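As a plain string of letters, each chain reads:
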Amino acid sequence: MIGLISATAAGTVARDRLAAAWPGRTAVYEGPVREAVQRAFAECEQLVCFLATGAVVRLLAPLLSDKSSDPGVVCVDEAGRHAVALLGGHAGGANALAEAVGEVLGAAPVVTTATDATGVPGLDMLGLPVEGDVAGVSRAVLDGAPVELRADAVWPLPPLPPQVSPGAEGPTVLHVTDRIVELGARAAVLRPASLAVGVGASRNAPVEEVVGLIRDALGEAGLSPLSVAELATVDAKADEPGIVEAAARFGVPLRTYTADELARIEVPNPSGAPLAAVGTPSVAEAAALAAGGELLVPKRKSNPAGRAAMATCAVVRRGPRGRLAVVGLGPGARDLLTPRAREELRRASVLVGLDQYVDQIRDLLRPGTTILESGLGAEEERARTAVAEARKGHAVALIGSGDAGVYAMASPALAEAGADIDVVGVPGVTAALAAAAILGAPLGHDHVSISLSDLHTPWEVIERRVRAAAEADIIVTFYNPRSRGRDWQLPKALSILSGHREPATPVGVVRNASRPDESSRVTSLAALDPATVDMMTVVTVGNTATREIAGRMVTPRGYRWQSATAARGGEK
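Residues numbered from 1 in each chain as written. Predicted model: local features only at pLDDT ≥ 70, side-chain atom pairs only at ≥ 80, totals over all residues. Heavy atoms only, no water.

Caption draft 1: Local environment of helix α2 (residues 33-43). By the burial criterion, the buried members of α2 are Ala36, Val37, Ala40 and Phe41. The buried residues of α2 occupy one face: seen down the axis, they fall within an arc of 130 degrees. Residues Ala42 and Glu43 are exposed on α2 and point more than 90 degrees away from its buried face. Lining the buried residues of α2 we find β1 (2-6), β3 (46-50), α3 (53-60) and β5 (82-87). (Buried < 20%, exposed > 50% of the residue type's maximum accessible area, 1.4 Å probe, protein only. Helix = DSSP H or I, 4+ residues; strand = E, 2+ residues; numbered from the N terminus. Arc of directions from axis to C-beta. Contact = heavy atoms within 4.5 Å.)

Listed below in structure tokens is the structure:
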């Protein structure tokens, strides 16, 4: 919950705007300011104070305990010009909160955390638990000093600066491992989520026994509890309190499998007891192996004093899974690039894309990002490259214009990608939508997009689709309408549509939608000169209901609406 505190009328107006924008996420604290801050600090994960920073500093000073547990605090000035991340920039999420507050109130976010200010990700913002001399290693990274990277495997981390590398020589070391390592000064370790723990338990097994067993098993194997990704068991134990609470204490999900699924897994230590109890000869080992990976700790039992064991566990190590984000950049304007796309671009350690698209967003990339760019006509090769890099364990962003799933990179990439990597799709504003917004409202009813390029699709197929759209009276947006080597397809397509629509049917022509040299016009099916169209142009042909109104293309949402309007007009 986000606590909101204000002291003046102006602050209250801004406070109420934020509360209205985030229903269910905020709580307004009324009353004397000091008491309101104290209550919010104790009860909320984050605070937004519509007060002067000096006043908030004095109010917070007696309340501060530890940066890992204190809430994040953002200050907004009386005029609503700035949202200052005052406390808990990373651990408390104040930096991200300042950005979010700024978007709602139109305030400029003020973030002074060194890593954020320089574009270098902090060690505590890489998505993995971190231990050791975090401040010292972060300082070295920020100073550009060499940091030796000792990683057991390649994990899909955000990009690290070039001086953080396996070959770096110096006193500073960054480990990426699930193993317990000795950490001296100027050394830190990132803990990847690489371990899955299979757990079996008798009914009403004490949670302390389950947790103690897991911790002992990990410790004796030299493994860190912070690398546990999940607990796994048979579905008959899905609500066993000791197991459920153990997962909660490790802060990981509990995954369950049916007895039949576990019974099919070959294990080194089967037993008749679980077979009789739940229908599988193994719970701990089989559940761990079902999660995938190498068995590091075979089944072991708890050893309580004076009674029989009530818990078993086994541990496997899973290899890293690379991550492929297929990102749509939109039609070209920076303000039409979505926030999610920005996040994925900054998260990726490897970027793959067409050179001219890379140039559009190069300034958004973090230092250390590996850029693999190529020219026109290499779509399949870029897709293969992106998938190959993800299979190596990297966090990869494959970029395309508009929406990456519309005549772009998602299709060839997903045709290559298997179940061995994680794939994320990031939608973008398509050329058809960008052009439609410029033209007015041409897509108000059923519409279709058709590419007129026959490089990958036979013309016979394209023509059949154009005829179907013409006969069905569907609005058509033509992509790739005309190039130097393909100058007859657009006239042919327009001729097909003319057989089913009036010559005066509105047609919108938009070139370089949303870019500095954007141009647009509304003409008619009869008047459109195909020679004025090129590959940078989107052509939208209306249906029989589309009209030009005040220079804009407008298609009503339904024919009945248009008929009713016409009827009312006729009555006047």
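Here the narrative resumes, following the displayed structure.
Caption draft 2: How the structure looks around the packing of aromatic side chains. Taken as a whole and assessed by the stated rule, the structure comprises two aromatic pairs. Relative to Tyr479, the ring of Tyr407 has its centre 4.7 Å away and its plane inclined at 55 degrees; by these criteria the two rings are tilted. Of this pair, Tyr407 sits in the loop between β20 (395-400) and α15 (410-416) while Tyr479 sits in strand β24 (residues 475-479), and the two are 72 residues apart along the sequence. Ring centres of Trp459 and Trp488 lie 5.0 Å apart, and the angle between their planes is 70 degrees; this geometry places the pair in the edge-to-face category. Pair noted here: Trp459 is in helix α17 (residues 459-471) and Trp488 is in the loop between β24 and α18 (489-498), with a separation of 29 residues, a long-range link. Trp459 gets classed as buried once you look at its relative accessible area, which sits at 10%. Residue Trp488 is classed as partly exposed on the basis of its relative accessible area, which comes to 41%. In this arrangement the basic side chain of Arg25 is found over the ring face of Trp22, its NZ or CZ atom lying 4.4 Å from the centre. (Phe/Tyr/Trp six-rings, centres within 6.5 Å; stacked < 30°, edge-to-face > 60°. Lys NZ or Arg CZ within 6 Å of the ring centre and 35° of its normal.)

Caption draft 3: Highlighting the packing of α17 against α18. Contact geometry of α17 with α18 gives a least axis separation of 9 Å together with a crossing angle of 30 degrees. If you check the angle between α17 and α18, you find them roughly parallel. Of the two possible hands of crossing, α17 and α18 adopt the one that is right-handed. Contacts between α17 and α18 pair Trp459, Glu463, Val466, Arg467 and Ala470 from the former with Gln489, Lys492, Ala493, Ile496 and Leu497 from the latter. For the contact of α17 with α18, the residue count by class is six nonpolar, one polar and three charged. (Axes fitted to C-alpha atoms, helices over the stretch in contact; angles between N-to-C directions. Parallel < 35°, antiparallel > 145°, perpendicular 65-115°, else oblique. Left-handed = near helix turned anticlockwise from the far one by under 90°. Nonpolar A, V, L, I, M, F, W, Y, C, P; charged D, E, K, R; others polar.)

Caption draft 4: Up close: the pattern of salt bridges. Applying the stated rule across the entire model yields 26 salt bridges. A salt bridge links Asp152 to Arg179; its shortest N-O distance comes to 3.1 Å. Separated by 27 residues along the polypeptide, Asp152 in the loop between β8 (147-151) and β9 (164-165) and Arg179 in the loop between β10 (172-176) and β11 (187-190) bring together distant segments of the chain. The class of Arg179 is partly exposed, set by a relative accessible area of 37%. Here Glu220 makes a salt bridge to Arg300, at a shortest N to O gap of 2.8 Å. Of this pair, Glu220 sits in helix α7 (residues 207-220) while Arg300 sits in strand β15 (residues 294-301), and the two are 80 residues apart along the sequence. Among the residues examined, Arg300 registers a relative accessible area of 23% and is labelled partly exposed. (Salt bridge = Lys/Arg side-chain N within 4 Å of Asp/Glu carboxyl O.)

Caption draft 5: Expanded view of the environment of Pro159. Mapped onto the fold, Pro159 is located in the loop between β8 and β9. As a C-alpha pair, Pro159 and Arg346 span 187 residues in sequence and 7.9 Å in three-dimensional space.

Caption draft 6: Summary view of the pairing of strand β27 (residues 537-541). Counting buried residues along β27, five of its five residues qualify, which places the element largely inside the surrounding structure. Side chains Thr537, Val539 and Val541 project from β27 onto one buried face, and the interleaved Val538 and Thr540 project onto a second face that is buried too. Pairing geometry for β24 and β27, over three bridges, is antiparallel. Its bridge partner lying in β27, Phe478 is registered against Val539. (Pairing = 2+ DSSP bridges.)

Caption draft 7: Local environment of helix α14 (residues 379-391). With 13 residues, α14 should reach 18 Å at 1.5 Å per residue; the first-to-last C-alpha distance of 19 Å fits that figure. Inspection of α14 places Arg382, Ala383, Ala386, Val387, Glu389 and Ala390 among the buried residues, and these make up the whole buried set. Down the axis of α14, the buried set is contained in an arc of 160 degrees. They therefore lie on one face. Buried positions along α14 lie against β17 (323-328), β18 (350-354), β19 (370-374), β20 and α15. A positive phi of about 105 degrees marks Gly393, the residue just after α14. (Expected span 1.5 Å × (residues − 1).)

Caption draft 8: Quick peek at the sheet that holds strand β23 (residues 447-451). An order of β23-β24-β27-β25-β26 is seen for the five strands of this open sheet, with the pairing classed as mixed. Edge positions in the open sheet fall to β23 and β26 (519-524), since each of these has one partner strand only. The sheet shows a mean angle of 20 degrees between the axes of neighbouring strands, taken without regard to direction. Pairing between strand β25 (residues 506-511) and β27: five bridges, direction antiparallel.

Caption draft 9: Structural context of the nonpolar core. Of all hydrophobic cores here, the largest spans 24 residues; its most connected members are Val197, Val199, Val210, Ile214, Leu218, Leu231 and Val315. Those elements that provide at least two residues to this core are β12 (195-201), α7, β13 (228-234), α8 (241-250) and β16 (311-317). Looking at this core element by element, the count peaks at seven residues for α7. In this view, Leu218 contacts Leu195, Leu223, Pro225, Val228 and Val315; residues no more than four positions away in its chain are not counted. (Core = buried A, V, L, I, M, F, W, Y, C linked by side-chain atoms within 4.5 Å.)

Caption draft 10: Quick look at the side chain of Gln163. With respect to the helices and strands, Gln163 occurs in the loop between β8 and β9. When its relative accessible area of 18% is taken as the criterion, Gln163 is described as buried. A polar side-chain atom of Gln163 sits 2.9 Å from the main-chain carbonyl oxygen of Val141. (Polar contact = N/O pair within 3.5 Å; in protein donor to acceptor, adjacent residues only side chain to side chain.)

Caption draft 11: Spatial organisation of the side chain of Thr555. As for its position among the elements, Thr555 is in the loop between β29 (552-554) and α19 (559-571). Classification of Thr555 as buried rests on a relative accessible area of 4%. Here the side chain of Thr555 touches Pro442 through a polar contact of 2.8 Å, landing on its backbone oxygen. Here Thr546 takes part through its side chain, which lies 2.7 Å from a polar atom of the side chain of Thr555. Contact partners of Thr555, with chain neighbours within four places excluded, come to Ala441, Pro442, Gly444, His445, Ile475, Asn543 and Thr546.

Caption draft 12: Summary view of the sheet that holds β11. Read across the sheet, five strands follow the order β7-β11-β10-β8-β9 without closing on themselves; strand pairing throughout is mixed. Bordering the open sheet on either side are β7 (130-132) and β9, each of which pairs with just one other strand. Direction of pairing for β7 relative to β11: antiparallel, over a ladder of three bridges. Residue pairing for β11: Glu131 is matched across the bridge by Val189.

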